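Each chain is listed here by its residues.
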Amino acid sequence: MTKKLVLVDGNSIAYRAFFALPLLNNEKGVYTNAVYGFTTMLLKVLEEEQPTHMLVAFDAGKTTFRHDTFKEYKGTRQKTPPELAEQLPLMRDLLKAFNIPYEEVENYEADDIIGTLAGLAADTGWEVKIFTGDKDLLQLIGENTEVALTRKGITNVDTYDLKALDEKYGLKPEQIIDLKGLMGDSSDNIPGVPGVGEKTALKLLAAHGSLEGVYENIDAVSGKKMKEKLVENEEQAKMSKKLATILTEVPLALKPDEVPLGEKDTEKILKLFRELEFQSLVDRVDPEGKSGGEEELDGIDVKIAEKLDESMLISPSALVIESLDENYHTAEVIGAAIANENGVFYLSPELLWSSPEFKEWAADEKKEKIVFNAKRAVVGLAWKDIHLEGITFDAQMASYLIDPGASSHEMAEIAERRKGRQVHRDEAVYGRGKKQQVPEEEILAQHLGRKAAAVLDVKPDLEKELKENEQLELLTELEMPLTVILGRMERHGVAVDKEELAKLGESLTERLTEIEKKIHDLAGTDFNINSPKQLGEVLFEKMQLPAMKKTKTGYSTSADVLEKLQNKHEIIPEILHYRQLSKLNSTYIEGLIKAIHQKTGKIHTRFNQALTQTGRLSSTEPNLQNIPIRLEEGRRIRHAFIPSEENSFILAADYSQIELRVLAHISQDKNLLEAFRHDMDIHTKTAMDVFEVEKEAVTSQMRRQAKAVNFGIVYGISDYGLSQSLGITRKEAQSFIDKYLESYPGVRDYMESIKEEARQKGYVTTIMNRRRFLPEITSRNFNQRTFGERTAMNTPIQGSAADIIKKAMVDMDEAMQKAGVESVMLLQVHDELIFEVPEKEIKQMSRLAAEVMENTVDLDVPLKADVDYGKTWYDAK
DNA sequence: TTGTTCACGC
DNA sequence: GACGTACGTGAACAAA
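Residues numbered from 1 in each chain as written. Chains lettered and ligands numbered in written order. Predicted model: local features only at pLDDT ≥ 70, side-chain atom pairs only at ≥ 80, totals over all residues. Heavy atoms only, no water.

Ordered by their spatial adjacency, 4 strands build an open sheet running 21-22-18-23, and the pairing between neighbours is antiparallel. Strand pairing shows two members of the sheet lacking a second neighbour, strand 21 (824–828) and strand 23 (865–870), which therefore form its edges. Neighbouring strand axes in the sheet, compared pairwise and without regard to direction, differ in orientation by 25° on average. When strand 21 meets strand 22 (residues 832–838), the two strands line up antiparallel, connected through 4 bridges. Bridge pairing in strand 22 links Met-825 to Phe-835. Packed on one face of the sheet, helix 35 (residues 782–819) meets strand 18 (648–655), strand 21 and strand 22 and runs near 170° to strand 21. (Pairing = 2+ DSSP bridges. Helix = DSSP H or I, 4+ residues; strand = E, 2+ residues; numbered from the N terminus. Axes fitted to C-alpha atoms, helices over the stretch in contact; angles between N-to-C directions. Contact = heavy atoms within 4.5 Å.)

As a further point, take the protein's contact with DNA strand C. Taken together, 28 residues form the shell around DNA strand C, and within it Asn-528, Ser-531, Glu-621, Tyr-720 and Asn-783 come nearest. A distance of 2.5 Å separates a phosphate oxygen of DNA strand C from a polar atom in the backbone of Glu-621. Separating a base oxygen of DNA strand C from a side-chain N or O atom of Ser-718 is a distance of 3.2 Å. Of all elements in the fold, only helix 24 (532–542), helix 26 (571–595), strand 16 (618–620), helix 31 (700–715) and helix 35 reach the threshold of two or more residues within the surface near DNA strand C. Considering every element that reaches the surface near DNA strand C, the biggest residue donor is helix 35, with 4 residues. Its residues assigned to classes, the surface near DNA strand C comprises 7 nonpolar, 15 polar and 6 charged. (Near = heavy atom within 4 Å. Polar contact = N/O pair within 3.5 Å; in protein donor to acceptor, adjacent residues only side chain to side chain. Nonpolar A, V, L, I, M, F, W, Y, C, P; charged D, E, K, R; others polar.)

Take the nonpolar core next. The biggest cluster of nonpolar side chains holds 180 residues, and the ones touching the most others in it are Phe-358, Leu-539, Tyr-740 and Phe-835. With 12 residues, helix 35 is the largest single contributor of residues to this core. Ignoring sequence-local partners within four residues, the contact set of Tyr-740 consists of Leu-663, Leu-672, Thr-686, Val-690, Val-709, Asn-710, Ile-713 and Val-747. Residues Leu-165, Ala-201, Leu-202 and Leu-252 belong to the second largest nonpolar core, which totals 48 residues. (Core = buried A, V, L, I, M, F, W, Y, C linked by side-chain atoms within 4.5 Å. Buried < 20%, exposed > 50% of the residue type's maximum accessible area, 1.4 Å probe, protein only.)

A few words now on unusual backbone geometry. In this structure, Pro-316 follows Ser-315 across a cis peptide bond, with omega equal to 0°. Structurally, Pro-316 is set in the loop between strand 7 (302–304) and strand 8 (317–323). Here Asn-107, not a glycine, exhibits a phi torsion of approximately 80°, which is positive. Considering the arrangement of structural elements, one finds Asn-107 in the loop between strand 3 (102–104) and helix 6 (110–123). You will see that Asp-679, though not glycine, has its phi angle at about 50°, which is positive. Among the secondary structure elements, Asp-679 is positioned in the loop between helix 29 (670–677) and helix 30 (682–691). Accessibility expressed as a relative area gives 40% for Asp-679, which makes it partly exposed.

So, about the domain arrangement of chain A. The domains assigned to chain A are domain 1 (1–170 + 255–288), domain 2 (174–245), domain 3 (299–493), domain 4 (496–603 + 633–638) and domain 5 (670–743). Using only C-alpha atoms to locate each centre, domain 3 and domain 4 end up separated by 43 Å. For the pair domain 3 and domain 4, the summed buried area comes to about 350 Å², and 61% of that belongs to carbon and sulfur atoms. Summed over the three residues of domain 3 that lose the most area to domain 4, namely Trp-383, His-492 and Gly-493, the buried surface amounts to 77% of that side. Viewed at the interface, domain 4 and domain 3 are joined by 0 salt bridges. In this structure, the connection of domain 3 to domain 4 is made through 1 residue pair in polar contact (both at pLDDT 80 or more). Its residues assigned to classes, the side of domain 3 that touches domain 4 shows 1 nonpolar, 4 polar and 1 charged. (Domains from an automatic or database assignment. Buried area = accessible area lost by both parts, 1.4 Å probe. Salt bridge = Lys/Arg side-chain N within 4 Å of Asp/Glu carboxyl O.)

Now for the protein's contact with DNA strand B. DNA strand B sits among 25 residues. The nearest are Arg-432, Thr-557, Arg-579, Ile-629 and Arg-630. When atoms of DNA strand B within 4 Å of the protein are sorted by moiety, sugar and phosphate together comprise 88%. Measuring from a base oxygen of DNA strand B, one finds a side-chain N or O atom of Asn-626 at 2.8 Å. Here a base oxygen of DNA strand B and a side-chain polar atom of Tyr-715 are 3.4 Å apart. Looking at the surface near DNA strand B element by element, the count peaks at 4 residues for helix 26. Partitioning the surface near DNA strand B into residue classes produces 8 nonpolar, 9 polar and 8 charged.

Turning next to a negative patch on the surface. Taken together, the side chains of Glu-306, Glu-350, Glu-440, Glu-441 and Glu-442 present a region of like negative charge at the surface. Within the secondary structure, Glu-441 sits in helix 21 (residues 441–468). (Patch = residues over 30% accessible without salt bridge, like charges linked within 9 Å, V, L, I, M, F, W, Y side chains within 5 Å. Areas by Shrake-Rupley, 256 points an atom, 1.4 Å probe, with all protein chains shown as cover. Lys, Arg positive; Asp, Glu negative; His and termini not counted. Charge placed at Lys NZ, Arg CZ, Asp CG, Glu CD.)

Okay, structure coming up:
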């Protein structure tokens, strides 16, 4: 078998990784982004290349033999950032654990080590592949040698062999140094010939072969200026070529034979991964989960309960109710565990369902329960007619509030990060996907018992952290009560008119068939319109329409691209219409019908209360927070959402401009405060300010643009985002933003100070002390940093609005109980609440909803809620 | 199964 | 000037 040597330019890859990834750090504050990127690249190389031999080369000291030639070599290089420098030793530790040889040689660069070994190996007929981010190394390409250049990110590479190099540049490997000699390299401070860039250099080399060739034929060079430049800088060019030449004769003690790829030390690697918190990489080195401490965990004493007795049902106790299917509305409970000062107990489902003692204990709100994911437990039991009350602490919610951006809020992770009993990952116990199954009782009892015990262990730590962050109230007064309300809403479900959905579906299917035929006729070929690939080929190859944008995989066929082609061909509007209707049919008609619950005939969504980075809720299976409303055709879907009781109505109460009101409050901008105090139409007001016109002179076009600007402020979009949504240039978009900030100087000040605060503290907060960490705000990567800045500006606005409506839900629930109404809260859609309301309560509830929502917090501007109702959701507008 | 593209809401 | 640009959910397709 031929041997294969992989050579990695360690410094180059480390740099790439460092700048490509946000500035991650582990709990101890050690930066890890470059190590992470470096490691993912290593894993990919090992998997894909299967080398027999391998070496990672590093640069040694500051000066090399090249500095003897040119002392300013790499003179413009900025010093290695300390955040990266501290990561380099970690990379070596990992290489040791992987048993991958690495090398650095005093006075030489990594390039030269690579060049030397590559030469030796290729000469003896080995296959050689080099990984780097530095184009210089292309000069090493040969019959047996390929160079992989990092493209985007770190693991994306372009591989060059002789043919690819010729196709791309029309060059042979040895001409790369001639190229550098002519054009120079600013990053290495190699001067080259001033005025000669890549284009010119390639042209010269195509004509004359080499740098020397150019000078031998200097008279043949066209352009007087160019000739002068070349002549003037001949020495410099030749020196540049020399600098760019990679040495293939480094006095190395090493021969290719001496760098065999060793057997990796999985234990050691996993230990490092744990320290660095590279959870996502664990599977890739240890797919079977053989090591990694899974069976290192001490056995704990879990009693498998035959029957329930009082010692198990005390207060406080940690309670775990386990079900495997994500969807707890339909999942089977597979077991439960209770942990308290009397011990740890496993309870089988049969025992749970058959014992009145459990039911009674569960329903007793004075019996304090501590859980992990309260809503899952509450709703899971509710389906079995067991009321779970008295939950005082949810470890998952606590973890989410402490850091919504944490990589995971599963129990194993929470336990690992805090001092507490360690817990196996659910996936390790139950498997995943198709292979997921309930283990034998002994193992299940251990796992659940361990979880319950860990919940108990971890509670004081989490509570302490929350207290320090002044977030305990956020948990106990807002999120925990809200969990109960959401659980009830989910279990209650929303009634739908299945026949109405079916009817809409039939009409859609009919129309889709028609449009499909029309499109096929216009295209002159039958193809799958839903396939972006096929559609792209038909439009941009067969029909030769101008392609505006490309995606990774081909032509972009997104709506904004197609809209620009509207007038080019009559097929375009048909495709857009087809897309629209097909979306309605598959996602909404078919999706909603599939989601109707067998037993209740209603739709039971799940609100995820511990997911979004801003504090908003999300909704799944089905998502009832994105039911169409903007276009009439889609809006009709709302006809199918109906009250579950006769003589009831759907009532919708939505906040008017809550985010901008919140902005007025936090920024204290005088102009914005005034606008809301006078209850002005905010988009018109913004138009007046941005375009400097009187109210009467605001055109609908101006108002539309102003609305987009406000939208941008609320959602933290960039000038680019604004330009896209308005179809204007980025410059124009930026000038709108500038104009806006001029008109609202208080907002500008707020934006500046919140960014500074984020840089100082590393996080931002909402009015109710919700947090979001923004480590990327100090990143040197432009994208990462500006993203962090926009997030810093936006999260307090969006997150505070989320806080407010959550509090309104808690207050509303209380007010409804106090009023003794039969009305039920059904849904929350970020800034609106949906209820079903008996006819006799319409007036009362309309008043109550507005009253509660408007007064749930006291801001420096009034809050406004609009209420409407009707026989269906469609009519409640 | 996993990633990509597209589209819906706020 | 590069980089690739609000978040979240879900469907269909295409490539593993």
